[in-house]
Amino acid sequence: MSNDYPVVTHLYVHVPFCVRRCSYCDFSIAIRKRIPAQEYIGTILNELTRVGSPGEVDTIYFGGGTPSLLPPDAIGRLLRELLPRTTYDAPRTIEVTLEANPEDVTPEHAQAWLAAGINRVSLGAQSFDDAVLKWMHRSHDAARIGAAVHALRGAGIENISLDLIFALPDELQRDWERDLDMALALRPAHLSLYGLTVEPRTPLDRWISRGATHAPEEERYADEYLFAHRRLMADGLFFYEVSNASLPGFRSQHNSAYWSGQPYVGLGPAAHSFDGTTRRWNLRAWEAYRRAIAEGRSAIESEEKLTEDQRETERTYLALRRAEGLAATPHCRPLPPIAALVRAGWLYEHAGRLKCTPEGWLRLDSLVNELAMHTETQQ
Ligand code: SF4
């Protein structure tokens, strides 16, 4: 057995299966009516044997695809194999997240997930408008979202996150304020907000090419993003990252590890791993990944060793996307570009750190490029 990775504490497991493709989605997925659960688990465990056991872990995240399509007993078996016995027997001491689509959440599934060790569920809600959900090719309607949240709470899972997509094309006439109100009425501990992007070769991309719809407008993106900040903060949710807000004590520990540059291991097709200096990613397609593992080959498609300059830029980017911000060193503080960014209302300094305002988060990439040229980063 080779050991391709150092001992890590954060484990991501990619479950690639979906029943259909959403209109905006370019993720690595395999459309299946029947999920090949046993074959999938066997392949993941073979990959685990190949890369070496991660030992004790702090967080596990089942992402997709649609992990909630896996039968609960398959999730339980995976967790028993992925975690050392001592950790599995006390699963509440580590964060174990399952991404779920609302239509898969029943009281029975919720209870079985909790018994298997899942203690955090991230629900792909996206909108509470049935016409919008249909346009997105989602399989659920708005009523299912509330039913899913109640089923999870009823089973004892309180750490619930909702994903919402904003900045939709004008012609949908989506009422963003109403959607936020409906989401907040369910009292989620965490919300993730993503602006719609048009990815190549998605159904949305094709609709736009033939003039059936239009790309979302930048002005709508900014207006809805800033409105969400005001609305969520009024309800006690704090934006701890550019796209993520939570009640106190409910930050995603797994994603926070990514955003603070910690190492992680990813299993499954398209999964990424990072050891602090080198990023590796697996074959993207389920079939290619499955075949490589079945034939005893590595599933790694490629890797990239970051140069010191790249790591510096990445440190700046990761620091600024989080509420904690970037250490404002005496060296960087008097630089004219930083003063200009503060005057523009995009950055502010607090307790020795440079932080983004919501307006700054709207233009994070250009801020990072500006700062990367002028700062020494310290985290
Ligand atoms: S459920 Fe998620 S992963 Fe699957 S097609 Fe829709 S957006 Fe993509």
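The structure this text deals with has already been given above.
So, a few notes on the structure that sits alongside this text. The model shown is predicted, which means the values in this text are computed figures rather than measured ones.

Turning our attention to the pattern of salt bridges. Following the criterion strictly, the structure yields 17 salt bridges and no others. Measuring nitrogen to oxygen at the nearest pair gives 3.1 Å for the salt bridge that ties Glu303 to Arg280. Placement of the pair is Glu303 in strand S14 (residues 300-305) and Arg280 in strand S13 (residues 278-282), with a sequence separation of 23 residues. Look at Arg280 and you get buried, because its relative accessible area is 16%. Across the pair Glu312 and Arg315 runs a salt bridge, and its minimum N-O distance is 2.9 Å. Placement of the pair is Glu312 and Arg315 together in helix H12 (residues 308-321), with a separation of three residues, close to one helical turn. The class for Arg315 is partly exposed, based on a relative accessible area of 26%.

Time to look at the packing of helix H2 (residues 72-82) against helix H4 (residues 107-116). Running from N to C, H2 and H4 cross one another at 10°; their axes reach a closest spacing of 9 Å. As judged from the angle between their axes, H2 and H4 are roughly parallel. Between H2, through Pro72, Ile75, Gly76 and Leu79, and H4, the contact on the second element is made entirely by His109, Ala112, Trp113 and Ala116. For the contact of H2 with H4, a count of residues per class yields six nonpolar, two polar and no charged.

It is worth spelling out the nonpolar core at this point. Side chains of a nonpolar character, in soluble globular proteins, are inclined to be buried together. Membership of the largest hydrophobic core comes to 85 residues, with the highest contact counts inside it found for Tyr40, Phe62, Leu123 and Leu162. Aside from chain neighbours lying at most four places away, what touches Leu123 is Ala100, Asn101, Pro102, Val105, Ile145, Ala148, Val149, Leu152, Ile160, Ser161, Leu162 and Asp163. Among the nonpolar cores identified, the runner-up in size contains eleven residues, and Cys22, Ile165, Leu168 and Leu196 belong to it.

Here is what the cut-offs are and how they apply
- Each chain has its residues counted from 1, following the order in which its sequence is written.
- Confidence filtering applies because this is a predicted model: local features only for residues at pLDDT of at least 70, side-chain atom pairs given and counted only at 80 or more, and all residues used for totals across whole chains, interfaces and linings.
- Computation of side-chain values covers all heavy atoms of the structure but excludes hydrogens and water.
- When a carboxyl oxygen of Asp or Glu is within 4 Å of a side-chain nitrogen of Lys or Arg, the pair counts as a salt bridge.
- Numbered from the N terminus, helices here are DSSP runs of H or I no shorter than four residues, and strands are runs of E no shorter than two.
- Accessibility here uses a 1.4 Å probe with only protein chains present; expressed as a share of the type maximum, an area under 20% marks a residue as buried, one over 50% as exposed, and anything in between as partly exposed.
- Axis definition: a line fitted to C-alpha atoms, over the contacting stretch in the case of helices. Angles run 0 to 180 degrees between N-to-C directions.
- To sort the angles, those under 35 degrees are grouped as roughly parallel, those over 145 as roughly antiparallel, those from 65 to 115 as roughly perpendicular, and the leftovers as oblique.
- Residue contacts follow a heavy-atom distance rule, with two residues in contact if any of their heavy atoms lie within 4.5 Å.
- For this classification, Asp, Glu, Lys and Arg are treated as charged, while Ala, Val, Leu, Ile, Met, Phe, Trp, Tyr, Cys and Pro are nonpolar and the rest, including Gly, are polar.
- Buried Ala, Val, Leu, Ile, Met, Phe, Trp, Tyr and Cys residues that are joined via side-chain atoms within 4.5 Å together make up what is termed a nonpolar core.

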